[in-house]
Structures are given as C-alpha cells and as structure tokens.
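Each chain is listed here by its residues.
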Amino acid sequence: MWCQRLPWLLRGRRGSTGCRWPWLPRGSGPVLAVPARCHPTAPASPCCAWQLHRDHLELRYGSTVMRLDFVWLRDHCRSASCYNAKTNQRSLDTASVDLAIQPQAVRVDESTLFLTWPDGHVTRYGLQWLARNSYEGQKQQVMHPRILWNAQIYQQAQVPSIDCRSFLETDEGLKEFLQNFLLYGIAFVENVTPTKEDTEILAKRISIIRETIYGRMWYFTSDFSRGDTAYTKLALDRHTDTTYFQEPCGIQVFHCLKHEGTGGRTLLVDGFHAAERVLRQAPEHFELLAKVPLKHEYVENVGGCHNHMIGVGPVLNVYPWNNELYLIRYNNYDRAVINTVPHDVVRRWYHAHRALTAELRRPDNELWVKLKPGKVLFVDNWRVLHGREAFTGYRQLCGCYLTQDDVLNTARLLGLQA
Ligand SMILES: C[N+](C)(C)CCCC[C@H](N)C(=O)O
Ligand SMILES: O=C(O)CCC(=O)C(=O)O
Ligand SMILES: [Fe+2]
C-alpha cells in the first residue's frame, strides 16, 4: 500500500523536524550515559570509557559517544594485511568476515583502541581517527562549509575577483579563488583575454571540461541555432542548467565576449539560502522537495540538432545522515510532466514548490551583475541559480561546463575542505 511503503510522504505535519529516515528504528533515542560497570581507561585520559554490547562497542571519547559495530570494526582494520597504505585501498575481503564476529579481547590506552579477534588478528584504531570517522562524529560535521547569502550578505562580504595571472600562475591565487567558490558558490576571475581559447585555459586550471550536447567549449548568441530559449534575446528566469541530465553539470563558466546593446544583466540567486529558509519556515515543504522524484526533459529538433534527454531526481538533494544540501535541481522551463507521484502528493508538492519559488524570487535574494569581456564567472550549478535580463543588440557568450568531482578534487589537493 502506498502509505506504508512511503511513510515519509505522510509525515509532513507542521512541527515535524525535517527529514528522518524510515529505516532507522523508531525511538532509538539519545545514547545513554555509560553505566557504572564500564571500563575507564588509565587516569591519564579520563575522557575515554568503553563498554561491550552483544554486537557493538560503545566508546565515549571526549563528548562523543560512538557505537561501533563489530563487523565495521573488523572491516576497517588498518593493519598491513587488511589495508594497503600505499594505495589507500582495502585489501581485506569483507565477505570473508563472520557477520557474528566479536572481539576476544579489548583494551584502550590514552590514544588507541586495541581489538583482538578470534583468529588472533589484532586491530588498532587511533581514538581521534574513530572520533572523526564514526557515524556519530560525521553527523556533527558538515561536508561542505558554506556561507549562505542574499544580495546584501554577498555584497558586504566584498569577495574579491582573482587576477587571471595569479589564478593561472600561483597556488595562492588558485586557492583563494576556490575558497571563495566553495563558500559562496560563485567566483570571478578578472583581466582575462576575451577569447574562447583563454577561457578554456582558465577552466582547465581547475577541472576537466565536461563535454555535453552543447559541445566542449561553447559560444552562443541569440541566433536560435539551438532549440532553447538561451539562444534568443528573451529574459530567462532563475534556473539551474542541465536538470535533464541524470547528473546535472557541476559548474558553469560564463564569459561575455561582446555585447553591443542594452539589458542582458545576469541574475544570481543562492538556492541553498532559499531552501534553508523553507526548511526553517515549513520543514514539511522542504521534506517533500527533497523526497518527491521529478523528471526534467530536453527535447530538441532544430536544424540538425536532435536530442532527447531525461534526468530524474528531487528538487532538493541532501545527505541523509545530516540533512545537508548538496544539489538543487530547479528549472521550470525544462521540468517534464509530473507522473511520478499520485494526485494528493502532487498537490502538496505544488505548495512546497511555491514556497521555494517565493523565496527564490525575493528581491533581496537577487544578485544582479553585468558580465563584461575580461571577467569570467564560475557558477556552482548544483547550488546557485542563474538567469538573465532580456537584451537588445549583439551579445556573445562563451563558456563551458565543469564536473563537480574534479573541481572539488583540485580544492582538496590544495588543502581546502570540500
Ligand atoms: C549554456 N548553453 C547555452 C550552452 C546551454 C544552455 C542550456 C539551456 C537549457 N535550457 C538548460 O537550462 O539546461
Ligand atoms: O545568456 C545568459 O546570460 C545565460 C543564458 C543561460 O541561462 C545559459 O546559457 O545557461
Ligand atoms: Fe542557463
């Protein structure tokens, strides 16, 4: 029955606390304080204590109480025979671990947990490693530190554009650019030669270019050479691109090479800021937008271009363990027929979509910029919506899409949390 298989769709009452996951046992409640018969470690580390349960070890370290499953503890063993420290890959065959395994002996000193398994194998874990890597530790952290913004917050932060040479030639310039990009979801490079070739060199500095049906590096103007409103002079309301891909493009690069005419300003809106406000005001709306799967579609039959793309996913995508947003898919032009949920859910979804749209359209959330030759804009297409004002005259933009994985890879290699 519908309501039993999808309990989350029925729990959208006001006052509910946002997304909870149906497979977690109900009333699992807060973790109890470690009882008196626990094993305190040496007096040197009064902040650590542990207790064995039937299938897991409960370990208190500082203020974190971790519940570590025995199979998990065996599986993550970092000994030389279980884990290759050169390749950072597991060598242990997880399928060979007895799912009923229990340690034969457990010992904890001030920095390390020691487990001896029935076959005599010894596993050691640094307590700090466990505190960082356990579920309880992860739940307290965000994956991606961000500053959510409206126009005023962004403008007051006075985030600088990075000079092209510093971006291309120094790690500091690149790192500063990426830090801004990670925090705000947009970043600018200035003093770029206004050509497609120079724009491509910038893109390649941070990522692999994602080739799509629009090509690798694209040029576009209002010539309707492709069957999409982007290729006209019309205004485009805020949206994210390529919602009709199973994995929407991660980053969009825009460089305006020429504009002789009026209008054509670019609109930028922080989608996560808007979604966060919906979560605070009406968590049931947020939950629906995060759970109802939708299709987006691109059907093109213009000139020699024939394409039919379909992407499926909810408007809001969150990490299930901490409810943190990582992707918004919002494009009212490209949204396909809704046929993935029954009528009563459709009605509630339209209410939720309206609430999000109202936030996205608040004038104080709108950042308007005029793109000029020489100034390249990078937009996190998983977070920040873009749009444009109608324009007159000849206007030519070039740019490309990048993959999220590769940009984050570059950021991590520079020591940034991404
Ligand atoms: C950027 N470029 C002009 C190449 C493509 C535009 C794609 C437009 C499409 N409606 C979408 O939102 O995905
Ligand atoms: O013309 C513009 O400024 C942007 C058009 C657009 O939304 C796009 O190319 O993705
Ligand atoms: Fe777009």
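Just so we're clear, the structure is a prediction, and the values are computed from it rather than from any experiment.

Chemist: Mind showing me how you'd approach the site of ligand 2 here?
Modeler: Residues in close proximity to ligand 2 include Phe220, Leu236, His239, Asp241, Gln252, Phe254, His386, Arg388, Arg395 and Leu397, which together make up its full environment. One of the side-chain N or O atoms of His239 is found 3.1 Å from an oxygen atom in ligand 2. Coverage of ligand 2 by the protein chains reaches 95% of its 290 Å² of free accessible surface. When atoms are counted within 2 Å of each cavity's grid points, the one that captures over half of ligand 2 is the second largest pocket. For the shell around ligand 2, the secondary-structure elements that each account for two or more residues are β14 (236-239), β15 (251-260), β23 (384-388) and β24 (394-402). Residues of the shell around ligand 2, tallied by class, amount to four nonpolar, three polar and three charged.

Chemist: What is the right way to read the site of ligand 1 from this model?
Modeler: The full set close to ligand 1 counts 14 residues, and Asp228, Thr242, Tyr244, Asn331 and Asp334 are the nearest of them. Taking Asn331, its side chain carries an N or O atom lying 3.1 Å from an oxygen atom of ligand 1. Notes on ligand 1: free accessible area 370 Å², of which the protein chains cover 95%. The cavity where ligand 1 resides is the second largest pocket. Class assignment of the residues belonging to the shell around ligand 1 gives a composition of seven nonpolar, four polar and three charged.

Chemist: Got a minute to help me understand the pattern of salt bridges in this structure?
Modeler: Summed over the entire model, instances satisfying the criterion amount to 15 salt bridges. As a salt-bridge pair, Arg67 and Glu58 come within 3.6 Å of each other at their nearest N and O atoms. The closest approach of N and O atoms between Asp364 and Arg362, which form a salt bridge, is 3.0 Å. The class for Asp364 is partly exposed, based on a relative accessible area of 35%. Its relative accessible area of 30% is what places Arg362 among the partly exposed residues.

Chemist: Teacher, can you tell me more about empty space enclosed by the protein here?
Modeler: Applying the stated criterion to the full structure yields one cavity of 30 Å³ or more. In this structure, the largest cavity occupies an estimated 30 Å³ of space. Taken together, Leu294, His296, Val315, Arg329, Tyr330, Asn331, Arg335, Trp349 and His353 make up the full set of residues lining the largest cavity. Among the secondary structure elements, those contributing two or more residues to the lining of the largest cavity are β17 (294-302) and α11 (343-360). A breakdown of the residues in the lining of the largest cavity according to their chemical character gives four nonpolar, three polar and two charged.

Chemist: Help me understand the coordination of the iron ion (ligand 3), please; the structure alone is not making it clear to me.
Modeler: Ideal values for angles at a metal depend on the geometry: 109.5 degrees with four tetrahedral donors, 90 or 180 degrees with six octahedral donors. Surrounding the iron ion (ligand 3) are the protein donor atoms His239 (NE2), Asp241 (OD) and His386 (NE2), which sit 2.1 Å from the metal. On the primary sequence, the residues serving as donors to the iron ion (ligand 3) are separated as H-x1-D-x144-H. Here the residue Asp241 occupies a position in the loop between β14 and β15, and His386 occupies one in strand β23, the gap between them amounting to 145 residues. Each member of the pair, Asp241 together with His386, is buried.

About the criteria used
One numbering rule holds for all chains: residues counted from 1, following each sequence as written. Key to labels: chains lettered from A, ligands numbered from 1, both in the order written. Selection of residues for local features in this predicted model requires a pLDDT of at least 70, selection of side-chain atom pairs for listing and counting requires 80 or more, and totals for whole chains, interfaces and linings are taken over all residues. Side-chain numbers come from the whole structure's heavy atoms, not from hydrogens or water. A single heavy atom is enough: if one lies within 4 Å of a molecule or strand, its residue is considered near that molecule or strand. Contacts described as polar in this section are N or O atom pairs within 3.5 Å, which, within protein, must combine one atom able to donate a hydrogen with one able to accept it, while residues neighboring in sequence count only if both atoms come from side chains. Note on areas: Shrake-Rupley with a 1.4 Å probe; residue coverage comes only from the protein chains shown. Definitions used throughout: a 1 Å grid over protein atoms alone; a cavity as a set of points that fits a 1.4 Å probe which cannot get out; a pocket as an open set with protein on both sides within 12 Å along at least five of seven lines; a lining residue as one with an atom within 4 Å of a point. More than half of a molecule's atoms within 2 Å of the grid points is what it takes for that molecule to sit in a cavity or pocket. Only DSSP runs of H or I with at least four residues qualify as helices, and only runs of E with at least two residues qualify as strands; both kinds are numbered from the N terminus onward. Here the term charged refers only to Asp, Glu, Lys and Arg, the term nonpolar to Ala, Val, Leu, Ile, Met, Phe, Trp, Tyr, Cys and Pro, and the term polar to all other amino acids, Gly among them. Salt bridges are defined by distance alone: a side-chain nitrogen of Lys or Arg within 4 Å of a carboxyl oxygen of Asp or Glu. Three labels apply to residues, based on accessible area from a 1.4 Å probe with only protein chains included: buried if under 20% of the type maximum, exposed if over 50%, partly exposed otherwise in between. Grid points are joined across faces, edges and corners, and a volume is the space filled by probe spheres set on the points. In this listing, donors mean N, O and S atoms no farther than 2.8 Å from the metal, or 3.2 Å for Na, K and Ca; water is missing from the atoms, so a site can look incomplete.

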